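# Reading the structure
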Amino acid sequence: LKTYMEEHGTDLRLRLPRPQHWYTLVVGRSKFSISLTTHTQLKRVGCEIYIRSKNAKNAFHQLKKHCKQIETSLGYELDWKELPDGQDSRIGIYIDGDSTDPACWDKLHSTLKEFAENFYTIFSPLIKSLKI
């Protein structure tokens, strides 16, 4: 994925990949990240805004007030997960795709790149302006 993004040009700051099922990108404020995920058993990939810390619920609710504006700007509906039993929250979009099949990689990488760039463009200014 990182190689694909480098070869196809992106303004996102790419990190060194690690052997885990997610790849994080900075969004401009600590405790917030864009997380690109894969679930090999469900054959699903996704892009999330991941919010961690004791202020995650407050931040999540402030962002959710802009739900319609965010989804209209992105052009797709998001899955808003407050995760009430835990401290963190996430906002994401998920699509079917087998990340273990190299024949699927170009399409999945292209989609994840698009999601990540769109998330950064839309969410970064909102996240930076949150009162927490």
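Located above this text is the structure these notes cover.
Analysis parameters
The numbering scheme is per chain: residues are counted from 1 as the chain's sequence reads. Given that this is a predicted model, residues contribute local features only at a pLDDT of at least 70 and side-chain atom pairs are listed and counted only at 80 or more, while totals for whole chains, interfaces and linings are drawn from all residues. Where side-chain values are given, they derive from all heavy atoms of the structure, hydrogens and water being excluded. Only DSSP runs of H or I with at least four residues qualify as helices, and only runs of E with at least two residues qualify as strands; both kinds are numbered from the N terminus onward. For the radius of gyration, the atoms used are the C-alpha atoms, and the globule rule reads 2.2 Å times the number of residues raised to 0.38. The buried label goes to any residue with under 20% of its type's maximum accessible area, the exposed label to any with over 50%, and the partly exposed label to all in between, with areas taken from a 1.4 Å probe on protein chains only. Pairs of residues are marked as contacts when any of their non-hydrogen atoms sit within 4.5 Å. Centres within 6.5 Å are what make two rings of Phe, Tyr or Trp a pair, Trp counting through its six-membered ring; a difference in plane orientation under 30 degrees is then read as stacked, over 60 as edge-to-face, and the rest as tilted. Throughout, an axis means a line fitted to C-alpha atoms (over the contacting stretch in the case of helices), and angles, computed between N-to-C directions, take values from 0 to 180 degrees. Note on terminology: angles under 35 degrees are roughly parallel, angles over 145 are roughly antiparallel, angles of 65 to 115 are roughly perpendicular, and the others are oblique. For any pair of crossing helices, the crossing counts as left-handed if the nearer helix is rotated counterclockwise from the farther one by less than a right angle, and right-handed if it is rotated clockwise. Each residue receives one of three labels: charged for Asp, Glu, Lys and Arg, nonpolar for Ala, Val, Leu, Ile, Met, Phe, Trp, Tyr, Cys and Pro, and polar for the others, Gly being one of them.

This part takes up the overall build of the chain. The number of helices and strands found in the chain is four helices and five strands. Element order for the chain, N to C, with α for helix and β for strand: α-β-β-β-α-α-β-β-α. Against the globule reference of 14 Å for 132 residues, the chain gives a C-alpha radius of gyration of 14 Å, in line with a compact fold. Once the C-alpha set of the chain is aligned to its principal axes, its extents read approximately 45 × 30 × 30 Å. Residues classed as buried in the chain amount to 40% of the 132 residues present. Within the chain, counting contacts between residues at least 6 apart in sequence, those at least 24 apart form 55% of the total.

With the rule as written, the count across this model stands at three aromatic pairs. Relative to tryptophan 80, the ring of phenylalanine 60 lies with its centre 6.0 Å away and its plane at 70°, an arrangement referred to as edge-to-face. Taken together, the residues phenylalanine 60 in helix α2 (residues 56-64) and tryptophan 80 in strand β4 (residues 79-81) connect sequence positions 20 residues apart. The burial state of phenylalanine 60 is the same as that of tryptophan 80; both residues are buried. Geometrically, the ring pair formed by phenylalanine 119 and phenylalanine 123 is tilted, given 5.3 Å between the ring centres and 50° between the ring planes.

The next thing to look at is the packing of helix α3 (residues 67-74) against helix α4 (residues 105-128). Viewed as axis vectors pointing N to C, α3 and α4 meet at an angle of 155°, and their least axial separation amounts to 10 Å. Comparing the axis directions of α3 and α4 gives the class roughly antiparallel. By crossing handedness, the relation of α3 to α4 is classed as right-handed. For the pair formed by α3 and α4, the contact residues are Ile70, Ser73 and Leu74 on the first element and Asn118, Phe119, Ile122, Phe123 and Leu126 on the second. Taken together, the residues of the contact of α3 with α4 sort by class into six nonpolar, two polar and no charged.

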